[in-house]
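Single-letter residue listing:
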Amino acid sequence: MDILTNLLSLLFLPLGTSILIIALGKHRKKYAPIVAFMSAIGALSLSYILLKNLPESVHYSWEWLAFGDSKFYIGILLDNIGATMLAMVSIVALCIVTFSIGYMSDDAAKGRFFAGVAFFMFSMTGIILADNLIMIFLFWELVGFSSYLLIGHYFQKEEAKSASQKAFIVNRIGDFGFLIGIILTYWQFGTTNIELLSIQSGIDPSLMSTFIGFLLICGFIGKSAQFPLHVWLPDAMAGPTPVSALIHAATMVAAGIYLLIRIDFILTSQVLLFIAYSGTFVALFAGFCAFAQDDIKRILAYSTLSQLGYMAAIFGMGYSGIALFHLITHAFFKALLFLGAGAVIHACHHEQSIFKMGGLFKKMPITSITFIIGTLALCGVYGFSGFYSKDSILIAANDYNSTLFYFLVFGAFMTAGYMGRLIWIVFFGKANSEAASSAHEVSAVMTVPLILLSGFAIFVGLNAYWPFGLGASIVSDLDHLHHLSGYKEIHKWVLILGSAAWIVGLGVSLIFYGKGSSEDRLQLKFPKVFAFLKGRLWVDELYQYYVNHIQKPVAEFLSFVDEVILRGIIVRGGAGLVGVLGVGFRLLQVGKINNYVLWFFVGLLLFWLYGIDLF
Amino acid sequence: MNDSYTNFLREISLTNDWLLLMPEIILALIAFAILGIDLFLKSKKRVWREKYLMPVAICGYIFVLGILFLDKSTFYIENISHFGGLIEQTDSNQFMRSFFVFASLFVTLISGQFLSKKSLPKAEYLHLILLSCAGFMLLVQCSHFISLFVCLELVTVAFYVLVAFQRTNVLSLEAGLKYLTLGGLSTAILLFGIVLLYGISGNPEMNGFINDGFQFQALQSFIGLNSDNLIVQLGALFVLAGISFKIGLVPFQIWVPDVYQGAPTPTMSFLAVASKAAGVFVLIQLLQGPFLALDAFLIPILSVLSVLTILFGNISATGQVNIKRLIGLSGISHAGYLLLGVIASYTIPQALDVVLFYLSLYLLSSFLVFASLAYMDNEDDSLLETKNYQGLYKKNPLLGVASLIGIASLAGVPPLGGFIAKVLLFIVAYQAGLYGLLAVAIIGVVISIYYYFAWIRSIFFIPNEDNTDCLKEVITLTAPQKIILIILIGSVSLAGLYPSLLNFFI
């Protein structure tokens, strides 16, 4: 198979799967899981064959629309960064689809779920392969749409319905900026092709503009849930857990970071600085918020936010390779954690509050061990994948700015703290509810993906052993770090701080919360602190206030204008005028043939007079 | 005298390249074969006739399409006069040839159900469609007023019969009569214009007079020298009026709603698509050919025609509830947009391609609407109103979606093909500097949203209990009907998503 066929089949296989599942009609429920599973296997093998044969990078371009001298192109660009993403997405997707077969086994709308997941895979592959910003934007909207569908999977629940709407609307705000940014980029550079943009901004750096950069990263802020558009991600946990794992932890939210890496050459230093600071802020802020949550999925959602903050921070410091590194390691261990949480929720009959769990280690050993492996990877314990990427983030941050460095180290303490809280309460001690005491290990179709992913969570940090030369930009960034002056001292210092972070974090949380407690001790002992953390800086309330007190009056005013002036006078008036004319014209259609003939000749005569300039 | 005459004939017949016209000849032969089968199998094998005539015609079209695509060079020799200047082939008229075969194929496909249901004679209908298809294909290749007139009449006479085909229906008969009278009138005007041009160009007192005042190239050079002459202008105007009748431009549009309403649905679709496309194409050929030098005289008239047509078509379509009249009136507005491209073709060479692209999308989207209309299998389409579309989606989702895509593409909703076609058309108009016309066209599009969306809305609207429902309770489609609809939906959407794909066909 030549590379182009391979690429195209990789892109359209999930789309075909989605259409096929819909076309199955009433057989959907029975065959959807197996069709989706086969398609995920197919996608993984296609990516394997592709990556095996892939030269350094490939670029195909087709004319989309030619018109005189102006031509518009669509195309596929797959370079090393895209290939790395593709490998990660295919592996994670296969694990998650497999897990879903078990998790969704008793769901009534399986067909819709698997069709949605397949459609998401199509859009995500599209983002990875697109060679220009407009195509990225189209697929960007499609992933947003599939995310909207999947968050609202349990649309009977009010919570899921409003969460999907919230995700959709918040993302539109970011995408609006992104779209304007793309238009201005086209205006400025005359193209949106990524390779051409890179060449042009290299030739003439004066074309780069901070304003356009800020607009472009709006898309990233929305999709990767960065401050202040982060509010949708915790709510998005209302969707099925495998969806949270695939879309809201491993792939779609990471697409924002991927976009940044793709366009890093047109972002000016001010934009990068902003990303570094806002990323650090989110890393800390989300860590704090996680302490006040009792829903296992929401804790993980805040953890995702915080880790996205790390990726953004390191990207802003100019190490896009390390951002990609953390993106990949995070995708594996966070998918593992979410699936583990899914297994726990499944076993506890859809109980999500950690204070109603407890003592699950003995009942669900495989799930518990794999979950703990994921936690250790997330906390950056030496030898686990998270260690490698977090370690290099901290080293780079130390070199860049010591304030940010200490903030990020503090963030690592927090990570270990809230994850420790989760682990001790959920898996140890005694069961705190009926559901938890009757829980038992989930079936093999769910444990096998967990075991696979925990293997990745341990070993994927060894980037030197990645096949097919994936992650070349990671290697070059790491090389750069290794040759910093005083690297050895810094490395030692970071190693000590990093190890201290997880030891202290896990230890303190054990002492403070205790094993399997049934209530939040932070809430009991320091209610004010807890309330503050629970408030999450009141961003949601701020938006609520804005919507109620500012947007609503404006909307009401606009609605008045619309009702009275636009609709009342202009449209109704216009329609009235058109209607009257229409009636008038129809009167001409009297149906009498002699009138028609007369009309014919009068028309001819008038034209004659007009043609010879008589009037 | 005799010698020179035989020499002349011999010279002319040297360029008689019959092979080039093979596709048209094949179609005509099939037409007569169908008539023959019908005639000689009169009494005993009724079922046979009922069953096999249609496939014969369809295979004929597909065969002709096939040879036109695969063996292009055999039937196409570029830019040389054939048959002593009667026929001239260009890239664009080769495209139109396939266009008409497509159109006739679709008409044949949607006519089967109608003919069986009304127990109308199939053979005659198929025969006439085949012949007019051949007529259309010849018409676009004409470079001589005599051949043009003959081809045009071949088509028009066939249409007189096709419009009045449903002899038991009063509306159909009335439409036939109106079309016959007004068509006769327009033919007379056209012929008068041709004769005026012939007469004045053959006058030895005129500067640069010519022998063959029908031939386009000769006329072009003559009119180039005499563009201010009153009779030349009058002749050109009359020819223009005759063509405008076929396209349905204001003020020669008056027949359109009545005839569309009365004509059987397949005939209406043939009239709406093929007749309009042929008219527009011939208009461009005339304007770029013999009437090239009359631009100063004709452009203002064409501009006024375009403005009036767009406004009249759209305005009178708003509030029109009868589906077939609505199709006719909205079709008038599409002719107006096309005129924009025709005018732009004076200055922008790509305008011709854009017009062809627009015509192709108009064909696909219209047939999507017409096919769904025909497949609804109503008792009488002529009385169908927009509100009768209510609940269509519920009754048959595929028909609902097909109508939706077709109407939305006609309205120019992205990302369908009709949108790209309109955008391209407006871009050429902009490049040609026709700002005023462009503004009118955009107003027209805005008005058109009004009636197109009312139509779309009723497809998804669930009807009230008390609503008298013209549609059947259950609409079932046969497998070929489903395939046709899906192919049309696919091509309209694909043309919007990836318009360059059409390059493979043009």
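This one's a predicted model, so the numbers in the text were calculated from it and none came from an experiment. (Residues numbered from 1 in each chain as written. Chains lettered and ligands numbered in written order. Predicted model: local features only at pLDDT ≥ 70, side-chain atom pairs only at ≥ 80, totals over all residues. Heavy atoms only, no water.)

Residue and element names in this part refer to chain A. Look at helix α16 (residues 365–379): 21 Å from first C-alpha to last across 15 residues, which is about the 21 Å you get at 1.5 Å a residue. Most of α16 sits inside the fold, with 11 of its 15 residues counted as buried. Taken residue by residue, α16 has Thr-367, Ser-368, Thr-370, Phe-371, Ile-373, Gly-374, Thr-375, Leu-376, Ala-377, Leu-378 and Cys-379 as its buried positions. Phi turns positive, to about 80°, at Gly-380, one or two residues after α16. (Helix = DSSP H or I, 4+ residues; strand = E, 2+ residues; numbered from the N terminus. Expected span 1.5 Å × (residues − 1). Buried < 20%, exposed > 50% of the residue type's maximum accessible area, 1.4 Å probe, protein only.)

So, on to the domain arrangement of chain B. Residue and element names in this part refer to chain B. For chain B, the assigned domains are domain 1 (1–141) and domain 2 (142–504). Centre-to-centre separation of domain 1 and domain 2, based on C-alpha positions: 22 Å. Counting from both sides, the interface comprises 38 residues of domain 1 and, opposite them, 47 residues of domain 2. Carbon and sulfur atoms supply 74% of the area that domain 1 and domain 2 bury against each other, a total of about 3800 Å² over both sides. If you look at where domain 1 meets domain 2, you find 0 salt bridges. Broken down by secondary-structure element, the contributors of at least two residues to the side of domain 1 that touches domain 2 are β2 (87–88), α4 (91–117) and α5 (122–139). The dominant element in the side of domain 1 that touches domain 2, judged by the number of residues it contributes, is α4, at 17 residues. Looking at side-chain class alone, the side of domain 1 that touches domain 2 contains 23 nonpolar, 11 polar and 4 charged residues. (Domains from an automatic or database assignment. Contact = heavy atoms within 4.5 Å. Buried area = accessible area lost by both parts, 1.4 Å probe. Salt bridge = Lys/Arg side-chain N within 4 Å of Asp/Glu carboxyl O. Nonpolar A, V, L, I, M, F, W, Y, C, P; charged D, E, K, R; others polar.)

Let us look at the side chain of Ser92(B). Mapped onto the elements of the fold, Ser92(B) is located in helix α4. A relative accessible area of 13% places Ser92(B) in the buried class.

With that out of the way, let us pick up unusual backbone geometry. Of the consecutive residues Val250(B) and Pro251(B), the connecting peptide bond is found in the cis state with omega at 5°. Structurally, Pro251(B) is set in the loop between α9 (230–247) and α10 (256–262). For the bond from Pro414(B) to Pro415(B), the omega torsion is 5°, close enough to zero to count as cis. Turning to its location among the elements, Pro415(B) is positioned in the loop between α16 (397–411) and α17 (417–431). Even without being glycine, His349(A) reaches a positive phi, approximately 55°. Within the secondary structure, His349(A) is located in the loop between α14 (320–347) and α15 (360–363). Positive phi, close to 40°, is recorded for Ser119(B), a residue that is not glycine. Using a relative accessible area of 64% as the deciding quantity, one classes Ser119(B) as exposed.

Given two aromatic rings, one states the distance between the centres and the angle between the planes to describe the pair. Under the defined criterion, the tally for this structure stands at 49 aromatic pairs over all chains. Residues Phe159(B) and Phe270(B) carry aromatic rings whose centres are separated by 5.4 Å and whose planes lie at 45° to one another, so their mutual orientation is tilted. Taken together, the residues Phe159(B) in helix α6 (residues 145–163) and Phe270(B) in helix α11 (residues 265–288) connect sequence positions 111 residues apart. We note that Phe159(B), like Phe270(B), is buried. Each ring, one from Tyr430(B) and one from Tyr435(B), has its centre 5.5 Å from the other, and the planes form 65°; the classification is edge-to-face. As far as the burial class goes, Tyr430(B) and Tyr435(B) line up, both exposed. Here a set of aromatic residues connected by ring pairs shows up, and it is made of Phe600(A), Tyr160(B), Tyr179(B), Phe245(B), Phe252(B), Trp255(B) and Tyr260(B). Positioned over the ring face of Phe168(A) is Arg172(A), at 4.3 Å from the centre of the ring. Taking NZ or CZ as reference, Lys390(A) lies 5.3 Å from the ring centre of Tyr310(A), over its face. (Phe/Tyr/Trp six-rings, centres within 6.5 Å; stacked < 30°, edge-to-face > 60°. Lys NZ or Arg CZ within 6 Å of the ring centre and 35° of its normal.)

Let us look at helix α18 (residues 435–460) of chain B. The terminal C-alpha atoms of α18(B) lie 37 Å apart, and with 26 residues this matches the ideal 38 Å at 1.5 Å per residue to within 8%. Along α18(B), the largest kink reaches about 25° and is centred on Ile449(B). (Bend = angle between axes of the 7 residues up to and from the residue.)

Moving on: empty space enclosed by the protein. Applying the stated rule across the entire model yields 11 cavities of 30 Å³ or more. Estimated volume of the largest cavity: approximately 170 Å³. Looking at the lining of the largest cavity, the elements with two or more residues in it are α4, α11 and α14 (351–375) of chain B. Counting residues per element, the lining of the largest cavity draws most heavily on α4(B), at 3 residues. Class assignment for the residues of the lining of the largest cavity results in 6 nonpolar, 5 polar and 7 charged. Surrounding the second largest cavity, 14 residues form its lining, Ala36(A), Ser39(A), Ala40(A), Val97(A) and Met121(A) being those nearest its centre. Its residues placed into classes, the lining of the second largest cavity shows 11 nonpolar, 3 polar and no charged. (1 Å grid on protein atoms, 1.4 Å probe; cavity = no way out; pocket = protein on both sides within 12 Å on 5 of 7 lines; lining within 4 Å. Points joined across faces, edges and corners; volume = space filled by probe spheres on them.)

A word on the pattern of salt bridges. Across all of its chains, the model carries 9 salt bridges over all chains by this definition. For Arg298(A), the salt bridge goes to Asp235(A), with nearest N and O atoms at 2.9 Å. With a gap of 63 residues between them, Arg298(A) in helix α13 (residues 296–316) and Asp235(A) in helix α9 (residues 232–235) connect regions that are remote in the sequence. Note on accessibility: Arg298(A) and Asp235(A) belong to one class, buried. Asp258(B) is paired through a salt bridge with Lys178(B); the nearest N and O atoms lie 2.8 Å apart. Separated by 80 residues along the polypeptide, Asp258(B) in helix α10 and Lys178(B) in helix α7 (residues 170–202) bring together distant segments of the chain. Since its relative accessible area comes to 4%, Lys178(B) is described here as buried. Linked through salt bridges whose partners overlap, the residues forming this network are Glu174(B), Lys178(B), Asp258(B) and Arg325(B).

Bringing the interface of chain A and chain B into the picture now. Listed as interface residues are 31 residues of chain A and, on the opposing side, 48 residues of chain B. Taken together, chain A and chain B are joined by 0 salt bridges. For the pair chain A and chain B, the number of links is 2 residue pairs in polar contact (both at pLDDT 80 or more). Top element by residues in the side of chain A that touches chain B is helix α26 (residues 593–611) of chain A. It accounts for 12 residues. (Polar contact = N/O pair within 3.5 Å; in protein donor to acceptor, adjacent residues only side chain to side chain.)

Let us now look at the nonpolar core. In terms of nonpolar packing, the biggest core is built from 199 residues, with Met88(A), Trp232(A), Leu267(A), Met317(A), Leu360(A), Met419(A) and Leu422(A) touching the most fellow members. Sorting elements by how many residues they give to this core places α14(A) first, with 19 residues. Of all hydrophobic cores here, the second largest spans 193 residues; its members include Tyr260(B), Val280(B), Ile459(B) and Ala495(B). (Core = buried A, V, L, I, M, F, W, Y, C linked by side-chain atoms within 4.5 Å.)

A few words on the environment of Ala283(A). Residues and elements named next belong to chain A. Turning to its location among the elements, Ala-283 is positioned in helix α12 (residues 269–290). You can call Ala-283 buried: its relative accessible area is 2%. As for Ala-283 and Tyr-596, which are separated by 313 residues in sequence, their C-alpha atoms are 78 Å apart. Beyond its immediate stretch of four places on either side in the chain, Ala-283 contacts Ser-306, Gly-309, Tyr-310 and Leu-408.

Counting through the fold element by element, Leu604(A) comes out in helix α26. Placed 152 residues apart in sequence, Leu604(A) and Leu452(A) show a C-alpha to C-alpha distance of 82 Å. Sequence-distant contacts of Leu604(A), that is, excluding residues within four places in its chain, are made with Ile189(B), Leu237(B), Phe238(B), Ala241(B) and Phe252(B).

Our next topic: a nonpolar patch on the surface. Residues and elements named next belong to chain A. Among the surface-exposed residues, Met-1, Tyr-48, Ile-49 and Phe-468 lie close enough to one another that they form a single nonpolar patch of about 400 Å² accessible area. Mapping Met-1 onto the fold places it in the segment before α1 (3–23). On the basis of relative accessible area, Met-1 is assigned to the exposed category, the value being 56%. (Patch = residues over 30% accessible without salt bridge, like charges linked within 9 Å, V, L, I, M, F, W, Y side chains within 5 Å. Areas by Shrake-Rupley, 256 points an atom, 1.4 Å probe, with all protein chains shown as cover.)

Here we come to the confidence of the model for chain B. Mean pLDDT for chain B: 86, with 94% of residues reaching 70 or above. This prediction of the complex comes with two scores: 0.73 for pTM and 0.73 for ipTM. (pLDDT = per-residue confidence, 0-100.)

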